[in-house]
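Per-entry structural report
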Amino acid sequence: MMAGVGGGNDFQWCFSQVKGAIDEDVAEADIISTVEFNCSGELLATGDKGGRVVIFQREQESKNRLLSRGEYNVYSTFQSHEPEFDYLKSLEIEEKINKIRWLPQQNAAHFLLSANDKTIKLWKISERDKRAEGYNLKDEDGRLRDQFRITTLRVPVLMPMDLMVEASPRRIFANAHTYHINSISVNSDYETYLSADDLRINLWHLEITDRSFNIVDIKPANMEELTEVITAAECHPHQCNVFVYSSSKGTIRLCDMRAAALCDRHSKFFEEPEDPSSRSFFSEIISSISDVKFSHSGRYMMTRDYLSVKVWDLNMENRPVETYQVHEYLRSKLCSLYENDCIFDKFECCWNGSDSAIMTGSYNNFFRMFDRNTRRDITLEASRENSKPRAMLKPRKVCTGGKRKKDEISVDSLDFNKKILHTAWHPKENVIAVAATNNLYIFQDKIN
Amino acid sequence: MAGAEGDDSLYPIAVLIDELRNEDVQLRLNSIKKLSTIALALGVERTRTELLPFLTDTIYDEDEVLLALAEQLGSFTVLVGGPEFVHCLLPPLESLATVEETVVRDKAVESLRKISQEHSPVDLEVHFVPLVKRLASGDWFTSRTSACGLFGVCYPRVSIMTHTFESTLITAVMHFRTLCSDDTPMVRRAASSKLGEFAKVLELDYVKSDIIPLFTALASDEQDSVRLLAVEAGVSIAALLPQEDLEDLVMPTLRQAAEDKSWRVRYMVADKFSELQKAVGPEITKNDLVPAFQNLLKDCEAEVRTAAANKVKVFCESLPEDSRETIIMTHILPCVKELVSDTNQHVKSALASVIMGLSTILGKDNTVEHLLPLFLVQLKDEYPEVRLNIISNLDCVNEVIGIRQLSQSLLPAIVELAEDAKWRVRLAIIEYMPLLAGQLGVEFFDEKLNSLCMAWLIDHVYAIREAATCNLMKLVEKFGAEWAQNTIVPKVLGMANDSNYLHRMTTLFCINALSEVCGQEITTKHMLPVVLKMSTDQVANVRFNVARCLQKIGPVLDSSALQAEVKPVLEKLATDQDMDVKYFALEAISGMYLFNLPTYIFSETFSFSSILFFFFSFSLSP
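Since the structure is predicted, the reported quantities are computational estimates derived from the model, not experimental observations. (Residues numbered from 1 in each chain as written. Chains lettered and ligands numbered in written order. Predicted model: local features only at pLDDT ≥ 70, side-chain atom pairs only at ≥ 80, totals over all residues. Heavy atoms only, no water.)

1. A few points about the interface of chain B and chain A
Applicable threshold: Every residue pair with non-hydrogen atoms within 4.5 Å of one another is taken to be in contact. Simply put, the buried area is the total loss of 1.4 Å probe accessible area from both parts when two parts are fitted together. Basic side-chain nitrogens of Lys or Arg form a salt bridge, by our definition, when they fall within 4 Å of a carboxyl oxygen of Asp or Glu. Secondary structure elements follow DSSP: runs of H or I of four or more residues count as helices, runs of E of two or more count as strands, with numbering from the N terminus. Any residue that is not Ala, Val, Leu, Ile, Met, Phe, Trp, Tyr, Cys, Pro, Asp, Glu, Lys or Arg is counted as polar, Gly included; the first ten are nonpolar and the last four charged.
With 46 residues of chain B in contact, the opposing surface of chain A contributes 41 residues. At the boundary of chain B with chain A, total buried surface from both sides reaches about 3,900 Å², with 53% on carbon and sulfur atoms. Sorting the residues of chain B by area buried against chain A places Arg21(B), Tyr60(B) and Glu100(B) first, and these three jointly supply 19% of that buried surface. Our enumeration of links across chain B and chain A arrives at seven salt bridges. One salt bridge in this structure joins Glu100(B) and Arg170(A), with 3.4 Å as the shortest N-O distance. Counting only elements with at least two residues in the side of chain B that touches chain A, the list comes to helix H1 (10-19), helix H3 (35-56), helix H8 (141-148), helix H11 (185-201), helix H13 (224-240) and helix H16 (263-271) of chain B. With seven residues, the single largest contributor to the side of chain B that touches chain A is H1(B). When its residues are assigned to classes, the side of chain B that touches chain A shows 19 nonpolar, eight polar and 19 charged.

2. Digging into the pairing of strand S4 (residues 52-58) of chain A
All names here are of chain A. Let me state the cut-off plainly: Exposure categories follow from relative accessible area, calculated using a 1.4 Å probe and restricted to protein chains: below 20% of the type maximum is buried, above 50% is exposed, and the middle band is partly exposed. Here, a strand pair is defined by DSSP locating no fewer than two bridges between the strands.
Burial analysis of S4 places five of its seven residues in the buried class, which makes it a mostly covered element. Connecting strand S3 (residues 43-48) to the antiparallel partner S4 that follows it, the hairpin turn spans three residues, and Gly51 within it adopts a positive phi of roughly 80 degrees. Pairing between S4 and strand S5 (residues 72-79): seven bridges, direction antiparallel. Note on S5: the bridge partner recorded for Gln57 is Asn73.

3. Focus on the packing of helix H31 (residues 520-534) of chain B against helix H32 (residues 540-553) of chain B
Residue and element names in this part refer to chain B. Note the following rule: Between the N-to-C directions of two axes lies an angle of 0 to 180 degrees, each axis being a line fitted to C-alpha atoms and, for a helix, fitted only over the stretch in contact. Roughly parallel means an angle under 35 degrees; roughly antiparallel means over 145; roughly perpendicular covers 65 to 115; every other angle is labelled oblique. Note: crossing handedness is left-handed where the near helix turns anticlockwise from the far helix by less than a right angle, and right-handed where it turns clockwise.
H32 packs onto H31 with a crossing angle of 150 degrees between their chain directions and a minimal axis gap of 9 Å. Relative to H32, the element H31 lies roughly antiparallel. The way H31 lies across H32 gives a crossing that is left-handed. Contacts between H31 and H32 involve Thr523, Leu528, Val531, Leu532 and Met534 from the first element and Val542, Arg543, Val546, Cys549, Leu550 and Ile553 from the second. When the residues that make up the contact of H31 with H32 are grouped by side-chain class, the tally is nine nonpolar, one polar and one charged.

4. Re the side chain of Arg372(A)
Residue and element names in this part refer to chain A. As a reminder, the rule being used: Polar contacts here mean pairs of N or O atoms no more than 3.5 Å apart (in protein, one a potential hydrogen donor and the other a potential acceptor; neighbouring residues in sequence count only if both atoms are side-chain atoms).
Residue position: Arg372 is located in the loop between strand S26 (366-371) and strand S27 (377-381). When its relative accessible area of 11% is taken as the criterion, Arg372 is described as buried. Of note is the side chain of Arg372, whose polar atom sits 2.7 Å from the backbone oxygen of Asp355. Arg372 has contacts with Tyr300, Val311, Glu322, Tyr324, Trp351, Asp355, Ser356, Ala357 and Ile358, leaving out every residue within four places of it along the chain.

5. Quick notes on the sheet that holds strand S2 (residues 32-37) of chain A
Residue and element names in this part refer to chain A. Spatially, S2-S3-S4-S5 is the arrangement adopted by the four strands of the open sheet, whose pairing is antiparallel. The sheet is open, and its two edges are formed by S2 and S5, each paired on a single side. Going from strand to strand, the sheet's axes swing by 20 degrees on average, the running direction of each strand aside.

6. What to know about the sheet that holds strand S21 (residues 300-304) of chain A
Residue and element names in this part refer to chain A. One open sheet holds the four strands; their spatial order is S20-S21-S22-S23, and the pairing between them is antiparallel. Edge positions in the sheet fall to strand S20 (291-294) and strand S23 (322-325), since each has one partner strand and no second. The mean angle between the axes of side-by-side strands here comes to 15 degrees, regardless of whether they run parallel or antiparallel. Bridge count for strand S22 (residues 308-313) against S23 is four bridges, and the pairing is antiparallel. In the strand pairing of S23, Val311 is matched with Glu322.

7. Structural notes on the pattern of salt bridges
Two side chains with opposite charge may pair up if their charged atoms get near one another. Counted according to the given criterion, the structure contains 56 salt bridges over all chains. For Glu447(B), the salt bridge identified is with Lys448(B), shortest N-O distance 3.4 Å. Residues joined by salt bridges that share partners form a network here, namely Lys124(A), Arg170(A), Arg171(A), Asp63(B), Glu100(B) and Glu101(B).

8. Quick notes on the nonpolar core
Residue and element names in this part refer to chain B. Rules: In this description, a nonpolar core means a group of buried Ala, Val, Leu, Ile, Met, Phe, Trp, Tyr and Cys residues linked to one another through side-chain atoms lying within 4.5 Å.
If you look at the biggest cluster of nonpolar residues, it comprises 228 residues, and the most contacted ones within it are Phe151, Ile237, Ile355, Leu472 and Leu550. Sort the elements by how many residues they give to this core and helix H17 (residues 273-297) lands first, with 11 residues. Contact partners of Leu472, with chain neighbours within four places excluded, come to Cys453, Met454, Leu457, Ile488, Val492, Cys510 and Leu514.

9. Focus: the packing of aromatic side chains
Quick note on the threshold: To pair, rings of Phe, Tyr and Trp, with the six-membered ring standing in for Trp, must have centres within 6.5 Å; the planes then decide the type, stacked if under 30 degrees apart, edge-to-face if over 60, and tilted in the middle. Charge-over-ring placement is defined geometrically: NZ (Lys) or CZ (Arg) within 6 Å of the ring centre, and within 35 degrees of the ring normal.
Inspection of the entire model under this criterion finds 33 aromatic pairs over all chains. Relative to Phe347(A), the ring of Tyr306(A) lies with its centre 6.2 Å away and its plane at 50 degrees, an arrangement referred to as tilted. Residue Tyr306(A) is found in the loop between S21 and S22, and its partner Phe347(A) is found in the loop between helix H2 (334-339) and strand S24 (349-351); the two are separated by 41 residues along the sequence. Using a relative accessible area of 0% as the deciding quantity, one classes Phe347(A) as buried. With a centroid separation of 5.0 Å and 70 degrees between ring planes, the pair formed by Tyr363(A) and Phe416(A) is classed as edge-to-face. Note that Tyr363(A) is positioned in the loop between strand S25 (357-361) and S26 and Phe416(A) in the loop between strand S29 (408-410) and strand S30 (422-425), a separation of 53 residues in sequence. We note that Tyr363(A), like Phe416(A), is buried. Aromatic rings pair up to connect Phe15(A), Phe367(A), Tyr441(A) and Phe443(A) into one cluster. A cation over a ring is seen here: Arg48(B) above Phe85(B), with NZ or CZ 3.6 Å from the ring centre.

10. Some words on the environment of Tyr329(A)
If you trace the backbone, Tyr329(A) turns up in the loop between S23 and H2. A C-alpha to C-alpha distance of 8.8 Å links Tyr329(A) and Gly401(A), two positions 72 residues apart in sequence.

11. Digging into unusual backbone geometry
Residues and elements named next belong to chain A. Phi angles above zero are rare outside glycine, and Tyr190 is one such case at about 60 degrees. Here Tyr190 shows up in the loop between strand S12 (183-186) and strand S13 (192-196). The class for Tyr190 is partly exposed, based on a relative accessible area of 31%. At Asp341, a residue that is not glycine, the phi angle is positive and equals roughly 70 degrees. Topologically, Asp341 is positioned in the loop between H2 and S24.

12. Examining a nonpolar patch on the surface
The condition is simple: Within the patch definition used here, like charges are joined within 9 Å and nonpolar side chains (Val, Leu, Ile, Met, Phe, Trp, Tyr) within 5 Å, considering only residues with over 30% relative accessible area and no salt bridge. Here the open area of atoms and residues is found with the Shrake-Rupley method and a 1.4 Å probe, where only the protein chains shown may cover a residue.
A grouping of Phe281(A), Tyr338(A) and Phe344(A) is seen on the molecular surface, where their side chains present a nonpolar patch of about 350 Å² in accessible area. Mapped onto the fold, Phe344(A) is located in the loop between H2 and S24.

13. Quick word on the confidence of the model for chain B
Residues and elements named next belong to chain B. Selection criterion: As a per-residue quantity, pLDDT reports the predictor's confidence and falls between 0 and 100.
When pLDDT is averaged along chain B, the result is 86; 92% of the residues meet or exceed 70. Here residues 1-5 scores under 50 on pLDDT; set against residues more than four positions off or in separate chains, the count is seven contacts. Here residues 595-622 is a poorly scored stretch, pLDDT under 50, and it has 22 contacts once near neighbours within four places are set aside; other chains count. What the predictor reports for the complex is a pTM of 0.82 with an ipTM of 0.84.

14. A word on the environment of Asp498(B)
Residues and elements named next belong to chain B. Checked against the element boundaries, Asp498 lands in the loop between helix H29 (481-494) and helix H30 (501-518). Those residues in contact with Asp498 that lie beyond four places of it in its chain are His503 and Arg504. Here Asn500 takes part through its backbone nitrogen, which lies 2.8 Å from a polar atom of the side chain of Asp498. Polar contacts involving the side chain of Asp498 include one to the side chain of His503, which spans 3.3 Å.

15. Topic: H29(B)
Residue and element names in this part refer to chain B. Applied cut-off: What the bend at a residue measures is the angle between two axes, fitted to the seven residues ending there and to the seven starting there.
Along H29, the largest kink reaches about 45 degrees and is centred on Ile488; proline Pro490 follows within four residues of it. By the burial criterion, the buried members of H29 are Trp483, Ala484, Thr487, Ile488, Val489, Val492 and Leu493. In this fold, the buried residues of H29 make contact with helix H27 (442-456), helix H28 (462-479), H30 and H31.

What follows is the structure in structure tokens.
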């Protein structure tokens, strides 16, 4: 059996948990639209099309049951965004959560940013385990006391109570985006963050909501001359002055905020020369980058286009250092994928904690992992069929032409409605969260 | 304290205490703001043992409540029993100093600093210093950032008074050093911003041996946001050091900051340039700061040039007198000349707001030869803001060379601004008109600018028409009633026959504004007949504005005119078919006390206030 991918040690991925309803018919609002671990991996947040954010907390591993691994349980659920209507433009603003980003922990509370198409909100998630008791004007049962019978003053006393988790909106960053927000990213100075929409990137101070600085604007004077849009943007994990943004043309620009207040001029431009032999009608569409992520080390970045994942060394602009095919077998299917709009799906990608492996999604509830050291890859499936606790995940294989072997799936029988767009990898351990439509799967490693 | 039979005086306090936990934030906030009342009622003992422990754990609340709480606790010393017990306030403030909201944390630190002064040296050492240490080594960066602001206040007093002088100071410096190399940029930022203040309380030897290395390290931090805060610390430190140490200890770092790769750091240097200049003294200014300032004026980033341009005047003013003129003429002016034709409008506009100030420094001849051409270029700048900034500072030049030199170029610039397509620009130039009129004199004004002022009265934007009327009033204040009667009143009154009702209303608005400054005679003789005539206007808006106008100018008119001319018209308007006209006419009548008053009151000898007096005495009599 093929070993799991994930950084050196041989291990098997096995099932841990699945969240979400089992029913076949899925409510649109329940579809998960983003998944994100916090900096320690103790919390996992998901956002959905209904504007809700659900936060899972990892249970403390119990000492007497060494085998039991920390499971993620619901910690807090709240409505982050509501549907709105822009009366000036006669546009509906969906409540769908496009991105969630955790802030580094600063005190006992946790903070995250959540964004829909237009508005970014800063949420505080905090615990409360004490309650004040004792009123002057009411007795214990809540009955009012006669005001003339008050003989002494009572100061309330705090008593322990069941743990309560509260989510409260701390700041609302609105009215800065004309187009749809596709990315938010917290700067390593921890006081600013950037938000990107189709044509512009804004820089915000986390404590200031009434203004932001426009640092990139690619909107042409005449919209008919528009040839590319910004698809994703991210701040460098350590260098506070560096950020990148990717475009629908398959290129990535790296900008240095030290050089100038406006980052219209990039300092690096990453582009792989196109192979003229593979040029087709769809070339431009499938080269559009749907996600860009810096490695934890800050040395590399990874980009996802429709058919592949590429790893770039920040010091080499002319081609990626690694390219991994995610589902090359779809190249012959592009025509039908264009017709059913799947070709415009925006797959995301993520690094493991040590940057030695990467993960991204595909169709038919398949997701792919690539080991950067051994160059091995694996296809796994998020499915309820094998959802016994600690059941090992069987590698899947898609038959590409020729005779279909046992256990293989033919390209034609792939279900394109089941797509895995959003995945997240625990920052330190081999724990992954995979969003499959309305279900969240959590898988863990099992060392052989 | 209350007796056993109950005491209704406790009731309001009981309400306040209960409202500390009301669901309504506003009620909680009100209650917190009256915390001293609660504490007073509870007495010092119960405040210490019950109220403060409760408040210590109330950190779940909204920011505004916590902010109010942090502020209250800063002046709570008397309420807990005086300086002897002031340390009881430390626990609640400690927990407030760790919340994530910066404003709350800062307020808690401010209060801690305040009450630190009320601690005895022994208490300071037993209670306060451990608190600072706890905060400085806290798990979360919020507590560590708060600690940065506390070193400066608690150590000077501890160290002077107690025998542990050396060791306390050394630990303080050690803790601060740890904070300066904290893992999180937030703490390093806090340390960077408080470094200057901490340096101020230390002995000079410690500054040289301990603070300088910290400053150097922070000024070369990998985070831009830390480095830029170190600039300010550098300025404070430079002010502490003797002249001979500056060159070795801080100048290399400051020089490096002025050439930092990040424009934000260079911006900070430009922004703090005058303070820096003051701190390092004339010699270093001549040798180091002048070239640095030249570079900042030529910086590739417009934001930096803007900040530097803003400082041109103060920088030049503070140059050492003996070489001031030479430095300006040979080093600064060439850069300024380039900035006049900068590509960025904000740079030019910043320069335009200070450049006129140079003329007083350079004197008449240099101004005429070197600065005047620059003013003229800026007066023709494509951006209205630049031109406006020049015009708004005309008084500086007027003192030195007289405005005539400029008037040839001034006029086209003003006319162009007056006719700018953007109404906000027109509004801005109108606001400078009284100033210009004062500088240019009445003849020039009548000849060139009067027609502009009248043209604004028929602008199609209401805000401009409104500003134009206000402008007329200010002009009359300057030039006097006689001038008004000859030049503007006829034109204003002429508009009463305009076919556009908006223009007719402008006449009324002008009269509202002008009647008082023009005085009774002009108002009664010239304005009133026009207003009265307009009461038969076919547009209701004009008619009700007549009513409002009459009410407004009433105090200026004499009583016979009021009674004989105004009253009948208002009474007629009060029966108007239009509701609004009726309303305003009645309001004017009652506002002027014009109804049912015996006529003998209105003799010429009575002033308006005596009319009021009589009216009141009538209404009081049975």
